[in-house]
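Spelled out from the first residue to the last, the chains are:
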Amino acid sequence: MIEINHLYKSYGKQLVLEDINLSIQKGVITGLLGPNGAGKTTLVSVLIGIMARDHGEIVIDGLNLDHSLSEIQTICSIVPQNLAIYPMLSAYENLEYFGGLQGLKGQTLKARIEYCSEVASLQSFLSKRVHKFSGGMKRRLNLAIGLLNNPRILYLDEPTVGVDTQSRNYILETIKKINREEGTTIIYTSHYMEEIEQVSDMIAIIDEGRLILNGPKQAILKQDFKVSIRVCELSNALLDRFKGIKAARVLDDCILLTKDDNFNDNLIEIFSALKSHAVEVVDFDSRDKNLETLFLKLTRKSLRDA
Amino acid sequence: MTKIIYILKKEFLVMGRDVHALAVLFVMPVAFILIMSLAMRDLFETDAVKQIKILVVDQDKGDQSKAFVEMLAKLGTFAFHHMDDGIGIDLIRHKMFQDDFKFALVVEKGFSLAEPQMILLVKPSVNRQTYTILKNTFAANLAKARIAYQLKGQEEMLDYAGIDIDKLMQPADTLIETRYVSKGKLKFKVPTSVQQSVPAWLVFSMFFVVIPLSNTFIAERNYGTLTRLQSMNISTGFLLAGKLLPFFIVNLIQVVLMILVGVFLVPLLGGDALTMGDSYGGLLLITTAVSFCSISFALLVASVAKTTEHATTIGGVFNIILGALGGIMIPKFVMPDFMQTLSVLSPMSWGLEGFLDIFLRNGNVLDVMKESLLLLLFGLVMFSATAFIIRKKLSL
């Protein structure tokens, strides 16, 4: 559904997306996980066509973003991180305005407003002005507006920021329901680990503009990196040597080793190689890891504090 | 087309529910028109209804002094308040400050006998022009009074010579006919405070769309609404047009409202009624030009300001400076020459001149063409700059 190849984006001299390669399948929920400032919103903005990129190719539903932006935008929708709604208007007036601007009118518009308000559980509050809504209700309205054009691809940029647990759960369940019933492809960005685990089929971890891990949720969660070895610096010769070890994965200055039948041999080989190249080991960790600790290990950052 | 209808509906709903915006756009200019029309009424008054209060102390009490004071009183320009002839200068001075007299005329003893002697006491707050006019009036009438005195008793001889003494002594100003000129040839209008106030505060209020427009625009930008609209394939041009059209309608409503206030409300409160010009085409042209310029200015402020507070400060301060410079707050004709020259720098001055052409000088489309083109051109420059900045900021 979405193919991203060698995507680069910079703000001035600062590179914010670096060589992103990602393939998102139709009808799946992809959790885009990363700390604040990792580049998640920038990536979504580029995908929705509201931000230019430096390099790279993006193909969405078989359409090239450069040549078919308007067609792509009619099948996509974004629920921005901010509450992109008018507080002085009622919920109905907000839905009518955004629906109208998407070309909906008459009975079609009314029907979509009815459906979306039902999905967001706002039927009883349509005539109420939004500035009187609770935080959770505003978030649900933000989501409902994103559903008005019945999108085939829905980008949700941190859609639960600042809401209570109940509203958060409702929003997450609604997202799963939309995906299940409408077959909508969903890209869900968050820095909340548990949300990504709860809602996603696929997980992509992004940090400092680079995609550092990507794959099916179950596979990633099952990855039992038994050992992580952090070193000062790895030469190209060492990198080439570690590529030959199937259970090993190198991320910057961190070597991750999965436990398999050759675990002992692989471990000895890695340490022998490091010793022969006089590479200093900075850290060694052999504890079991969940996604949170894996993320910490990979990025050396907390998701929420970064 | 239907998209524009949804935009108009949204803008009017948002604005209609914003009490502050309504106050700035409609209540403030109405209040200014009422206050300034009534406050400046006397500045424009040509029929000498407002008399200058003068304290008079006739220490002479002779025929000539009485005749002189009566002659001045007949002019209708002065309201004399007579005081006891024995009163001293100190008490006169005290009375002037106590009862707010700007002038006091002391006709000294011996006025009727020898060389007439008078003292004119003047408060320092009186401007030089007023003092000079007053002194010249006194001098002219003094000369006339002396001639009249010398001709007294010689009526028969004058009659014999065919000289009508009444005609000879009639006030000189009745011999001068005043005609106000206008660009339109058919009519002339007497300049009144309301003819000045309505166009001035109308232009000022039209430029004040900067407050509600920038507030809405910045909120849309900061809260991601513009991002959402962009993702819906709404172009920058459409976004800007979506601001231009509703606020143009707001400006039109302001024009109609301010004219109605000038025509109907000001007279109810004792002021003069606004009289309209003949050229509705000219009025529409200058209204459109001022509106485009003011909205473009508002959009530019909205595009460069980071917060609504920032925009309110920039917009408010610029409007007040442009208004002061452009003859909104103080009519240009009371400004010194160099300030009048400087006033051409203010777009509000161009708009004001355009409206004055219509309301005061009976101008037509051609008469307001120069000001309109200047405003449209300046508006276009600001609009283009706004489009450039917004496109850059939104990274399109």
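These figures come from a predicted structure and were not determined experimentally.

A. Inspection of the overall build of chain A at higher detail. Each helix and strand counted, chain A has 11 helices and 14 strands in total. With respect to the three principal axes, the spread of C-alpha positions in chain A is 75 × 40 × 35 Å. Among the 306 residues that make up chain A, the fraction classed as buried is 42%. Within chain A, counting contacts between residues at least 6 apart in sequence, those at least 24 apart form 69% of the total.

B. Layout of the overall build of chain B. Counting its secondary structure elements, chain B contains 17 helices and four strands. Here chain B, with 396 residues, has 37% of them falling under the buried criterion.

C. How the structure looks around the packing of helix α4 (residues 63-74) of chain B against helix α6 (residues 128-151) of chain B. All names here are of chain B. Here α4 crosses α6 at 130°, and the two axes come no closer than 10 Å. By the angle between their axes, α4 is oblique relative to α6. Crossing angle aside, the handedness with which α4 passes α6 is right-handed. In this structure, α4 uses Q64, A67, F68, M71 and L72 to contact α6, whose residues at the interface are N141, L142, K144, A145, A148 and Y149. In terms of residue class, the contact of α4 with α6 is built from eight nonpolar, two polar and one charged.

D. Molecular detail of the sheet that holds strand β1 (residues 2-11) of chain A. On the basis of which strands lie adjacent, the open sheet formed by four strands has the order β2-β1-β4-β5 (chain A) and antiparallel pairing. Either end of the sheet is taken by a strand with one partner, and the two such strands are β2 (14-24) and β5 (63-64) of chain A.

E. Seen up close, the environment of B:L299. Residue and element names in this part refer to chain B. Position of L299 relative to the elements: it lies in helix α13 (residues 280-304). On the basis of neighbour counts, which here come to 28 C-beta atoms within 10 Å, the residue L299 falls in the buried class. As a C-alpha pair, L299 and K144 span 155 residues in sequence and 65 Å in three-dimensional space. Those residues within four positions of L299 in sequence are excluded, and the remaining contacts are L213, L240, K243, F383 and T386.

F. Up close: the interface of chain A and chain B. Contact with chain A, which involves 22 residues of that partner, is made by 21 residues of chain B. The set of elements that each furnish at least two residues to the side of chain A that touches chain B consists of α2 (69-75) and α3 (91-101) of chain A. The class makeup of the residues in the side of chain A that touches chain B is 13 nonpolar, seven polar and two charged.

G. Highlighting the nonpolar core. Counting residues in hydrophobic clusters, the biggest one holds 76 residues, and the most contacted among them are A:L43, A:L95, A:L141, A:A144, A:Y155, A:Y188 and A:A204. Ignoring any residue separated from it by four or fewer positions in sequence, one finds A:Y155 in contact with A:V44, A:L47, A:I48, A:C76, A:I78, A:V79 and A:I187. Formed by 60 residues, the second largest nonpolar core is a distinct cluster that contains B:V266, B:L283, B:F297 and B:L356.

H. Structural view of the packing of α3(A) against helix α4 (residues 106-119) of chain A. All names here are of chain A. Where α3 meets α4, the closest approach of the two axes is 10 Å, and the angle between their N-to-C directions is 125°. With respect to each other, α3 and α4 are oriented oblique. You can see that α3 and α4 cross each other, and the crossing is right-handed. Here A91, Y92, L95, E96, G99 and G100 of α3 come into contact with α4, specifically with L109, R112, I113, C116 and S117. A per-class count over the contact of α3 with α4 returns six nonpolar, three polar and two charged.

I. View of the environment of A:P216. Residue and element names in this part refer to chain A. Within the fold, P216 resides in strand β10 (residues 210-216). Here the alpha-carbon distance between P216 and G31, two residues 185 residues apart in the chain, equals 9.9 Å. Here P216 is in contact with D201 and M202, once residues within four sequence places are set aside.

J. Examining the environment of A:V250 more closely. All names here are of chain A. Tracing the chain through its elements places V250 in strand β12 (residues 248-251). When the C-alpha positions of V250 and L239 are compared, they lie 7.6 Å apart, and in sequence the two are 11 residues distant. Setting aside anything within four residues of it in sequence, one finds V250 in contact with L234, L239, F242 and I255.

K. Region of the structure containing unusual backbone geometry. All names here are of chain A. A positive phi angle, near 50°, is found at D19, a position not held by glycine. Inspection of the secondary structure puts D19 in strand β2. Phi is positive for N150, which is not a glycine, with a value near 50°. Its place among the elements puts N150 in the loop between α5 (135-146) and β7 (153-157).

So, how was this worked out
Residues numbered from 1 in each chain as written. Chains lettered and ligands numbered in written order. Predicted model: local features only at pLDDT ≥ 70, side-chain atom pairs only at ≥ 80, totals over all residues. Helix = DSSP H or I, 4+ residues; strand = E, 2+ residues; numbered from the N terminus. Buried ≥ 20, exposed ≤ 12 C-beta atoms within 10 Å, placed from the backbone. Contact = placed C-beta atoms within 7 Å. Axes fitted to C-alpha atoms, helices over the stretch in contact; angles between N-to-C directions. Parallel < 35°, antiparallel > 145°, perpendicular 65-115°, else oblique. Left-handed = near helix turned anticlockwise from the far one by under 90°. Nonpolar A, V, L, I, M, F, W, Y, C, P; charged D, E, K, R; others polar. Pairing = 2+ DSSP bridges. Core = buried A, V, L, I, M, F, W, Y, C linked by C-beta atoms within 7 Å.

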